[in-house]
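# Topology and contacts: notes
Residues per chain, in single letters:
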Amino acid sequence: MRSMLLHLLVVSFALLSFIGIGSAGVTSAFVRSEWPSVDIPLDHEAFAVPKGYNAPQQVHITQGDYDGKALIISWVTPEAPGSNAVQYGTSEKEYEFTAEGTVTNYTFYNYTSGYIHQCLVDGLEYDTKYFYKIGDGNSAREFWFQTPPKIDPDVPYKFGIIGDLGQTFNSLSTIEHYMHSGGQTVLFVGDLSYADRYQYHDVGVRWDTWGRFVEQSTAYQPWIWSAGNHEIEYMPYMEEVVPFKSYLQRYPTPYAASGSTHPLWYAIRRASAHIIVLSSYSPFVKYTPQWMWLSEELKRVDREKTPWLIVIMHVPIYNSNDAHFMEGESMRAVFERWFVDYKVDVVFAGHVHAYERSYRISNIHYNVSNGDRYPVPDKSAPVYITVGDGGNQEGLAGRFRDPQPDYSAFREASYGHSTLEIKNRTHAFYHWNRNDDGKRVPTDSFILRNQYWGTNRRRRKLKKNHLHTIITETLLTHGLRR
């Protein structure tokens, strides 16, 4: 009886795990009565300035090395440079260690930023809660963070995925819902503040408000940054022509740790995942720095240690919405073959202000002379997911192309966020959660099977009892559907 039950569980699990072109995709008919797509007023409590003279604000952390034993802690002091130090330790209000950072500021037209502090805190222990303190005297502020578990192929970990956030009331709903999801690190797929929707002095002001707006999450867990078109800020009418100026000043990345030559593209390893960040708005064709770096980084991926290979970028290379249709085609032509050859598990993108998930498909056989002209099912290809639905002031992209392409599994024009919960080296749970009039509603979910360890040959290497235990716990504790 026990063996029969286990057999049924395995079969059920395998069926739930399959992602193919076996059934028609779904275009959701849901239409939400969204809040106005306008930015929150400057005097709203979401942008409150911390109390005290020169108190640190806009606090955010990101991974500071390749393997998750370091953090970069960033903050702004508005009136004076103040202290560059981060005090930290494993007991609340007892700070055993001190790290010294740097401070700088910048100008953008007639706006001058506050003093931007960035401090690398390294040599951390895995899977440990740390408390940290920044600032001077009575204005000092205290926060905490949890380091990831040691890199291991079967260690569970939960990522949130957010994109195109902005600073509207819809954005606030997304942030609040994500903070109740149990996510441990955010993969951010570009378009942060939408400050470029403003002019002159107000551009810098809206970077400041956004930094305070997201601090409720970014001060306590790492956000892994990628840049979008709204970070470019090419504004010649203001004599501001250096792309990504504000973004690069404010949001550092650990690019050098992965051998990258630029902060806009880099890689990290965290828990059981190898995460690659690409820049849609930097040169990526053959022989460019980003192309050369990615060709080497993919060779460094060790699926025996980090079985989950995740790519994040801003512009989706598969998109069936009228908004930004085909904008990712040039990057697809350059990188899709690598995604298939190296068996990338999932590619997350933003840019389109809607949600869409693909089946596993590729279009690598087409060229200008011959070959298939349309995407075809490909078991070695990643799933492509667009989550440009964070809530920004430009509103939703509600015009999907009709008929729905065969490669598109599910699509809906709503605000929301996603989570990817890695359970072990073979399976992860994915959920997209809609913001439904202020409530978080799980809307699209499936079991993602690992491209490397999901093959029968490699699965046989796993201990059967271990796999059966995971399957049993999964089916008993999760209500999942295709």
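Residues numbered from 1 in each chain as written. Predicted model: local features only at pLDDT ≥ 70, side-chain atom pairs only at ≥ 80, totals over all residues. Heavy atoms only, no water.

## A few points about the overall build of the chain
Counting its regular elements, the chain contains eight helices and 26 strands. Split into buried and exposed, the 482 residues of the chain put 59% on the buried side. Summarising the internal contacts of the chain: among those between residues at least 6 apart in sequence, 72% fall at separations of at least 24. Accessible area of the chain: about 19900 Å², with a carbon and sulfur share of 52%. (Helix = DSSP H or I, 4+ residues; strand = E, 2+ residues; numbered from the N terminus. Buried < 20%, exposed > 50% of the residue type's maximum accessible area, 1.4 Å probe, protein only. Contact = heavy atoms within 4.5 Å. Areas by Shrake-Rupley, 256 points an atom, 1.4 Å probe, with all protein chains shown as cover.)

## Things to note about helix H3 (residues 201–218)
In this model H3 runs 25 Å from its N-terminal to its C-terminal C-alpha over 18 residues, within 8% of the 26 Å that 1.5 Å per residue would give. Helix geometry: H3 is bent most strongly at arginine 212, by close to 30°. Where burial is concerned, most of H3 is hidden: 14 out of the 18 residues are buried. (Expected span 1.5 Å × (residues − 1). Bend = angle between axes of the 7 residues up to and from the residue.)

## A few points about the packing of aromatic side chains
Across all of its chains, the model carries 34 aromatic pairs by this definition. Ring plane angle 70° and centroid distance 6.1 Å describe the contact between tryptophan 210 and tyrosine 251, whose orientation is recorded as edge-to-face. Remark: tyrosine 251 occurs in the loop between helix H4 (245–250) and strand E15 (266–270) and tryptophan 210 occurs in helix H3; sequence separation between them is 41 residues. By the burial criterion, tryptophan 210 is buried, and tyrosine 251 matches it. Members of the aromatic cluster, joined through ring pairs, are Tyr88, Phe97, Tyr130, Tyr132, Phe143, Trp144, Phe145 and Tyr220. The aromatic ring of tryptophan 144 is capped on one face by lysine 129, whose charged end is 4.4 Å from the ring centroid. Directly above the ring of phenylalanine 325 sits arginine 401, whose terminal nitrogen or CZ lies 3.9 Å from the centroid. (Phe/Tyr/Trp six-rings, centres within 6.5 Å; stacked < 30°, edge-to-face > 60°. Lys NZ or Arg CZ within 6 Å of the ring centre and 35° of its normal.)

## Comments concerning the pattern of salt bridges
Counting across every chain of the model gives 17 salt bridges. Arginine 250 is paired through a salt bridge with aspartate 208; the nearest N and O atoms lie 3.1 Å apart. With arginine 250 in helix H4 and aspartate 208 in helix H3, this residue pair connects regions lying 42 residues apart in the sequence. We note that arginine 250, like aspartate 208, is buried. Between aspartate 322 and arginine 401 there is a salt bridge whose closest N-O contact spans 3.5 Å. Separated by 79 residues along the polypeptide, aspartate 322 in the loop between strand E17 (308–312) and helix H6 (329–341) and arginine 401 in the loop between strand E22 (383–387) and strand E23 (408–412) bring together distant segments of the chain. Judged by its relative accessible area of 36%, aspartate 322 is partly exposed. Residues participating in the shared-partner salt-bridge network are Glu329, Arg332 and Glu336. (Salt bridge = Lys/Arg side-chain N within 4 Å of Asp/Glu carboxyl O.)

## Things to note about the sheet that holds strand E18 (residues 346–349)
The strand order across the open sheet formed by eight strands is E1-E23-E19-E22-E18-E17-E16-E15, and the pairing between neighbours is mixed. Two strands in the sheet have a free side with no partner beyond their single neighbour: strand E1 (26–27) and E15. This element, helix H5 (residues 289–300), spans E15, strand E16 (273–277) and E17 of the sheet and lies at about 175° to E16. (Pairing = 2+ DSSP bridges. Axes fitted to C-alpha atoms, helices over the stretch in contact; angles between N-to-C directions.)

## A look at the environment of tryptophan 144
Structurally, tryptophan 144 is set in strand E11 (residues 141–146). With a relative accessible area of 35%, tryptophan 144 lands in the partly exposed category. A C-alpha to C-alpha distance of 5.6 Å links tryptophan 144 and tyrosine 220, two positions 76 residues apart in sequence. Sequence-distant contacts of tryptophan 144, that is, excluding residues within four places in its chain, are made with Lys129, Tyr130, Phe131, Tyr132, Ala219 and Tyr220.

## Quick look at the nonpolar core
In terms of nonpolar packing, the biggest core is built from 88 residues, with Phe339 and Phe348 touching the most fellow members. Among all residues touching phenylalanine 339, those that are not within four sequence positions of it are Leu278, Val311, Met313, Ile317, Val344, Val347, Ser380, Pro382 and Tyr384. Counting 17 residues, the second-largest nonpolar core is a separate cluster that includes Ile61, Ile73, Cys119 and Phe145. (Core = buried A, V, L, I, M, F, W, Y, C linked by side-chain atoms within 4.5 Å.)

## As for the sheet that holds strand E5 (residues 97–100)
Read from one edge of the open sheet, four strands run E5-E4-E10-E11, paired in antiparallel fashion. Edge strands, defined here as strands with exactly one partner in the open sheet, are E5 and E11. Neighbour-to-neighbour, the strand axes of this sheet turn through a mean angle of 25°, independent of strand direction. Bridge count for strand E4 (residues 85–89) against strand E10 (residues 129–134) is three bridges, and the pairing is antiparallel.

## Remarks on the environment of alanine 80
The topology assignment puts alanine 80 in the loop between strand E3 (71–77) and E4. On the basis of relative accessible area, alanine 80 is assigned to the partly exposed category, the value being 21%. Taking the C-alpha atoms as reference points, alanine 80 and alanine 55, 25 residues apart in sequence, are found 9.8 Å from one another. If we ignore the near neighbours within four places in the chain, the residues touching alanine 80 are Tyr53, Asn54 and Tyr115.

## A look at helix H2 (residues 169–178)
Of all 10 residues in H2, eight are buried; the element is thus mostly enclosed. Taken together, the buried positions of H2 are Asn170, Ser171, Leu172, Ser173, Thr174, Ile175, His177 and Tyr178. One side-chain oxygen of the residue at the start of H2 lies 3.1 Å from the amide nitrogen of asparagine 170, identifying that residue as threonine 168. (Polar contact = N/O pair within 3.5 Å; in protein donor to acceptor, adjacent residues only side chain to side chain.)

## Observations concerning the packing of H2 against H3
Contact geometry of H2 with H3 gives a least axis separation of 10 Å together with a crossing angle of 15°. By the angle class used here, H2 and H3 are roughly parallel. Both H2 and H3 take part in a crossing whose hand is left-handed. Taking contact as the criterion, the partners of Ser171, Leu172, Ile175 and Tyr178 in H2 are, on H3, Phe213, Val214, Gln216 and Ser217. Among the residues forming the contact of H2 with H3, the class breakdown is five nonpolar, three polar and no charged. (Parallel < 35°, antiparallel > 145°, perpendicular 65-115°, else oblique. Left-handed = near helix turned anticlockwise from the far one by under 90°. Nonpolar A, V, L, I, M, F, W, Y, C, P; charged D, E, K, R; others polar.)

## Section: the confidence of the model for the chain
The pLDDT averaged across the chain works out to 90; a share of 87% of its residues lies at or above 70. Ignoring residues within four places in sequence, the model shows residues 1–22, a span with pLDDT below 50, making 35 contacts including any to other chains. A low-confidence stretch, residues 465–474 (pLDDT under 50), is modelled with 13 contacts involving residues beyond four sequence positions or located in other chains. (pLDDT = per-residue confidence, 0-100.)

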